[in-house]
Amino acid sequence: SMASPALLMRVVASAYSVAEKAATIVRNVMSAGDLGIVEKTGANDLQTKADRLVQMSICASLARKFPKVTIIGEEELSTNEVTEELIEDGHCEEILKKTCPAQYTGIKEEELVIWVDPLDGTKEYTEGLLDHVTVLIGIAYEGKAIAGVINQPYYNYEAGAGAALGRTIWGVLGIGAFGFQLTEAPAGKHIIVTTRSHSSALVNDCISALNPDSVIRVGGAGNKIIQLVEGKASAYVFASPGCKKWDTCAPEAILHAVGGKITDIHGNSFQYNKEVKHMNSAGVLATLRNYDYYASRIPNTVKQSLVP
């Protein structure tokens, strides 16, 4: 008989189904019309009913199956009021068929940390920019992002009635990433993707120094990494604090699984162990290819302003 799949593959397979359930919740909240918006620290830091329900669904569903895993979500919520209809206990068979990379076969539940952003791009969600929105489930081991699931609940939403809505992207270091067509940005073009709602003089100075051919401003870290792996942008640059571990963990795993690179503005790797501070206070620099080209052009004034 076949050995049962390694824990990591079971966690990723479950996270895939949990993310699809999350997407359904996101779409249902939107179509019901009452987003239940709450300002957390201000007008650019919002939480909706979707953020709350999705986080409860993801965290409760994964905790029920993998009780010893540490799960850290963006929203501060009690998990007491989780109703049974929020629980997803399915898994993606396709993922279980893949061979777990040898270095991850011995992982124990208590060694994993799962970083959850229930709705990345909340501000865009409230403004109807639905293609910016992602659900992020990142899986870390020994402080490193090793697997991730990104769901885009509204992928294809502009294709009109009858089009299949939403997609789920997943990846594991050593296996690769799936659910999209890996494409490189046009050679010789410097297309920068950056923040839409958190701009500042520093953010803009940094981008100008890179002398870009064009700048794309979109919401959501998950969405920006997708722009890189689909060849729509050549670098994701954000010279500001503000991004958190749950924004970068899943996207980092997907990007690294296809040979890309993400760091802070100084070139430091992000750490994802459970004790780590949540803020990526020294910004973000990410590329699918040509990381060194962009890293070498970040001005020292920008670096000095951003303390890791």
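So, how was this worked out
Residues numbered from 1 in each chain as written. Predicted model: local features only at pLDDT ≥ 70, side-chain atom pairs only at ≥ 80, totals over all residues. Heavy atoms only, no water. Helix = DSSP H or I, 4+ residues; strand = E, 2+ residues; numbered from the N terminus. Rg over C-alpha atoms; globule rule 2.2 N^0.38 Å. Buried < 20%, exposed > 50% of the residue type's maximum accessible area, 1.4 Å probe, protein only. Contact = heavy atoms within 4.5 Å. Areas by Shrake-Rupley, 256 points an atom, 1.4 Å probe, with all protein chains shown as cover. Domains from an automatic or database assignment. Buried area = accessible area lost by both parts, 1.4 Å probe. Salt bridge = Lys/Arg side-chain N within 4 Å of Asp/Glu carboxyl O. Polar contact = N/O pair within 3.5 Å; in protein donor to acceptor, adjacent residues only side chain to side chain. Pairing = 2+ DSSP bridges. Axes fitted to C-alpha atoms, helices over the stretch in contact; angles between N-to-C directions. Core = buried A, V, L, I, M, F, W, Y, C linked by side-chain atoms within 4.5 Å. Parallel < 35°, antiparallel > 145°, perpendicular 65-115°, else oblique. Left-handed = near helix turned anticlockwise from the far one by under 90°. Nonpolar A, V, L, I, M, F, W, Y, C, P; charged D, E, K, R; others polar.

A few words now on the overall build of the chain. Within the chain one finds 9 helices and 13 strands. Its C-alpha atoms give the chain a radius of gyration of 18 Å, within 12% of the compact-globule value 19 Å for 308 residues. Taken along the three principal axes of its C-alpha coordinates, the chain extends 55 × 45 × 40 Å. In the chain, which comprises 308 residues, the share counted as buried stands at 54%. Within the chain, contacts between residues separated by at least 24 positions form 71% of all contacts whose residues are at least 6 apart in sequence. Total accessible area computed for the chain in this model is approximately 12900 Å², and 48% of it derives from carbon and sulfur atoms.

It is worth spelling out the domain arrangement of the chain at this point. Here the chain is described as being made up of domain 1 (7–178) and domain 2 (191–305). Its C-alpha centre places domain 1 at a distance of 21 Å from the equivalent point of domain 2. Contact with domain 1, which involves 40 residues of that partner, is made by 30 residues of domain 2. Regarding the contact of domain 1 and domain 2, the summed buried area is about 2600 Å², with carbon and sulfur atoms giving 65% of it. For the pair domain 1 and domain 2, the number of links is 3 salt bridges. Its salt-bridge partner being Arg167, residue Glu230 comes within 2.9 Å of it at the nearest N-O pair. For the pair domain 1 and domain 2, the number of links is 9 residue pairs in polar contact (both at pLDDT 80 or more).

Moving on, we come to the sheet that holds strand β9 (residues 191–194). Through backbone hydrogen bonds, the strands of a sheet pair up, either in parallel or in antiparallel fashion. Strands sit in the order β10-β9-β11-β13-β12 across an open sheet of 5 strands; the sheet is mixed. One side of each edge strand has no neighbouring strand; the edge strands of this open sheet are β10 (214–217) and β12 (261–263). Across this sheet, the average inter-strand angle for adjacent strands is 20°, counted without regard to direction. The pairing of strand β11 (residues 235–238) with strand β13 (residues 284–287) spans 3 bridges and is classified as antiparallel. By the bridge assignment, Phe238 is partnered in β13 with Val284. Where helix α5 (residues 201–209) meets the sheet, its contacts fall on β9, β10 and β11, and the angle it forms with β9 comes to roughly 165°. Against the sheet, helix α7 (residues 245–257) contacts β12 and β13, and its axis sits at roughly 145° relative to β12.

What follows concerns the nonpolar core. By size, the foremost hydrophobic cluster in this structure holds 103 residues, and its most contacted members are Leu8, Val12, Ile58, Trp115, Tyr125, Ile137 and Tyr236. If one sorts the elements of this core by residue count, helix α1 (residues 7–32) sits on top with 14 residues. Counting contributing residues per domain, this core is built from domain 1 (7–178) and domain 2 (191–305), each supplying no fewer than three. In this structure Tyr236 touches Val193, Ala221, Lys224, Ile225, Leu228, Cys243, Val284, Leu285 and Ala286, once residues within four positions along its chain are discounted.

A separate point is the packing of α1 against helix α2 (residues 49–65). Two numbers describe a pair of packed helices, the interaxial angle and the distance between the axes. Contact pair α1 / α2: the axes reach a minimum separation of 9 Å and the direction vectors enclose 160°. Classified by the angle between their axes, α1 and α2 sit roughly antiparallel to one another. Here α1 and α2 pass one another in a crossing that is right-handed. Of α2, the residues touching α1 (which contributes Ser14, Ala15, Val18, Lys21, Ala22, Ile25, Val26 and Val29) are Lys49, Ala50, Leu53, Val54, Ser57, Ile58, Ser61, Leu62 and Lys65. Partitioning the contact of α1 with α2 into residue classes produces 11 nonpolar, 3 polar and 3 charged.

Turning our eyes to something else, we now look at the sheet that holds strand β6 (residues 144–152). One open sheet accounts for 6 strands, arranged β3-β4-β5-β6-β7-β8; its pairing is mixed. The sheet terminates laterally at β3 (70–73) and β8 (176–178), the two strands that pair on one side only. With strand direction ignored, the average angle separating the axes of adjacent strands in the sheet is 15°. In this structure, strand β7 (residues 167–172) lies alongside β8, joined through 3 bridges in antiparallel fashion.

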